[in-house]
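# Structural overview
Each chain is listed here by its residues.
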Amino acid sequence: MKKIQPSLEEAKSRYSELIQEIQRHDINYYVLDRPTISDREYDRLYEELRALEADFPILLVPNSPSQRVGAQAVDKFKKISHRVPMLSLQNSYSPEDLLAFDLRIKKVLNTKSEISYLCEPKFDGLSIELIYENGLLTGALTRGDGTTGEDVFSNIKTIRSIPMKLQTKKPPKLIEVRGEVLIFKNDFLKLNQEQQDDGEIPFANPRNAAAGTIRQLDPKIAARRPLRFFAYAVGAADGISFKKQSDLSSQFADWGLPTVSVGEKLCEISKNGPLSLLCDHAQDAVLYYQQIHQIRKTLPFDIDGIVIKVEDLLLQEELGFIARSPRWATAAKFEPEQATTKINKIIIQVGRTGALTPVAVMEPVLVGGVTVTHATLHNQDEIDRKDIREHDTVIVHRAGDVIPEVVEVLKEKRKKDSVPFLIPNKCPICH
Ligand code: IVH
């Protein structure tokens, strides 16, 4: 049957309708977590769009969903300067330091009044800057050294929770949206299963998987990986200004960007509720730290602490920066559950039943607040799969009371004369 060709005018109007509709469904699915159509219907819309682009190539626009994939692989990433440097945060591991931070702020501002803070989760991914010009996504950079980042636009475009176009009729001339790219925990487990099925080395954790994916030179690989994004800060802006830190979050959400919502009471903070808290004084930030620490295991993504930011942006300006960090924000991290150390030797433990278990004896290292010296290597298969050898530098992981495990070998640190480890086939005790 012959296809009836629409006129160019008709095609144009249907085309822009389709772009908007697909973007709306992407936001419903990825940002609001409330899909309103089936995958099949979605695919049908996408096919219709592709067909129109094939029949009327003149219509193609850069913010079309079809432009998310298909960019060519590159040899290396281009380096681009940030318009506004991407700084880092001062860290501590203790919530009490939040109170010291608050005192410092009051001292600099020469005030005894309470300061309002926005408390946010500290996402454990990698920071990325999105560049929107007149509402269109036109670039994306890694943080790099803070002054110059790498152009990872073709990988970032594949992330469907990042709108190609801001949802507004009046976009600012320029807005740089900063946030974190990460992989959800359940997506990570699936991804690692696939890696294993394909005979590839599994990733150590969601953060490594996200970072490794963004570094891929071929965007087709990024397109197959379940990357997500959360927005939390602004770089350069032209044609828009904000008064409060929490205004960013509501503006981002209005534009269709993924962000965590802001609550005003500590009791609202929960895995299904808001994850950020606007508080009137620093004591609440300490309680927020404890609450978030408790629910972190139940969250769909990894966080490694909290960030607190002075809510009033005029005060932020007044506070300014010290070295490479803002004076108006700080991070309180959770004790890491992973650390790097060295295997001194591998011993064989003989169980009650005579079963032989290889155990790594390591340089003592603090993991999640506990000193770890031994990690189980399970069996020969596990040793072979992770290629663990004596004298290797390794990442160890300890979750709660679980026996520490070697997650990954840092092969680049391995000595040339190292040899694979084999469990002896005779019992070391009774032979
Ligand atoms: S605000 C001036 N907010 O932490 C820095 N950063 O050490 C402004 N991060 O590289 C950053 N969650 O990758 C901010 N809610 C959050 C964050 C966050 C994670 C990361 C970010 C940055 C690092 C700072």
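My aim in this report is to walk through the structure given alongside it, one point at a time. (Residues numbered from 1 in each chain as written. Predicted model: local features only at pLDDT ≥ 70, side-chain atom pairs only at ≥ 80, totals over all residues. Heavy atoms only, no water.)

Turning next to the overall build of the protein. Helix and strand content of the protein: eleven helices and 19 strands. Referenced to the eigenvectors of the C-alpha coordinate spread, the extents of the protein come out at roughly 85 × 75 × 40 Å. Out of the 431 residues in the protein, the part that is buried amounts to 45%. For the protein, the share of sequence-separated contacts (at least 6 apart) that also reach a separation of at least 24 residues comes to 69%. When the 58 basic and 60 acidic side-chain charges of the protein are each reduced to a single mean position, those positions are 2 Å apart. (Helix = DSSP H or I, 4+ residues; strand = E, 2+ residues; numbered from the N terminus. Buried < 20%, exposed > 50% of the residue type's maximum accessible area, 1.4 Å probe, protein only. Contact = heavy atoms within 4.5 Å. Lys, Arg positive; Asp, Glu negative; His and termini not counted. Charge placed at Lys NZ, Arg CZ, Asp CG, Glu CD.)

This paragraph deals with helix α3 (residues 96-109). For α3, which comprises 14 residues, the first-to-last C-alpha distance of 21 Å matches the rise-based estimate of 20 Å (1.5 Å per residue) to within 8%. Within the span of α3, buried status applies to L98, F101, D102, I105, K106 and L109. For α3, the angular spread of buried residues about the axis comes to 135 degrees, placing them on one side. Among the exposed residues of α3, those oriented more than 90 degrees off its buried face are L103 and K107. On its buried side, α3 packs onto β3 (117-123), α9 (282-295), β11 (303-310), α10 (313-319) and β14 (329-333). Count one or two residues on from α3 and you reach N110, which has phi positive near 55 degrees. (Expected span 1.5 Å × (residues − 1). Arc of directions from axis to C-beta.)

Turning next to the sheet that holds strand β7 (residues 174-183). Strands sit in the order β5-β4-β7-β8 across an open sheet of four strands; the sheet is antiparallel. Sheet topology places β5 (136-142) and β8 (227-238) at the edges, where each strand pairs with a single neighbour. Put simply, the sheet's adjacent strands are angled 30 degrees from each other on average, direction ignored. Bridging between β7 and β8 involves nine bridges; their strand directions are antiparallel. From the neighbouring strand, V181 faces β8, where its bridge partner is F229. (Pairing = 2+ DSSP bridges. Axes fitted to C-alpha atoms, helices over the stretch in contact; angles between N-to-C directions.)

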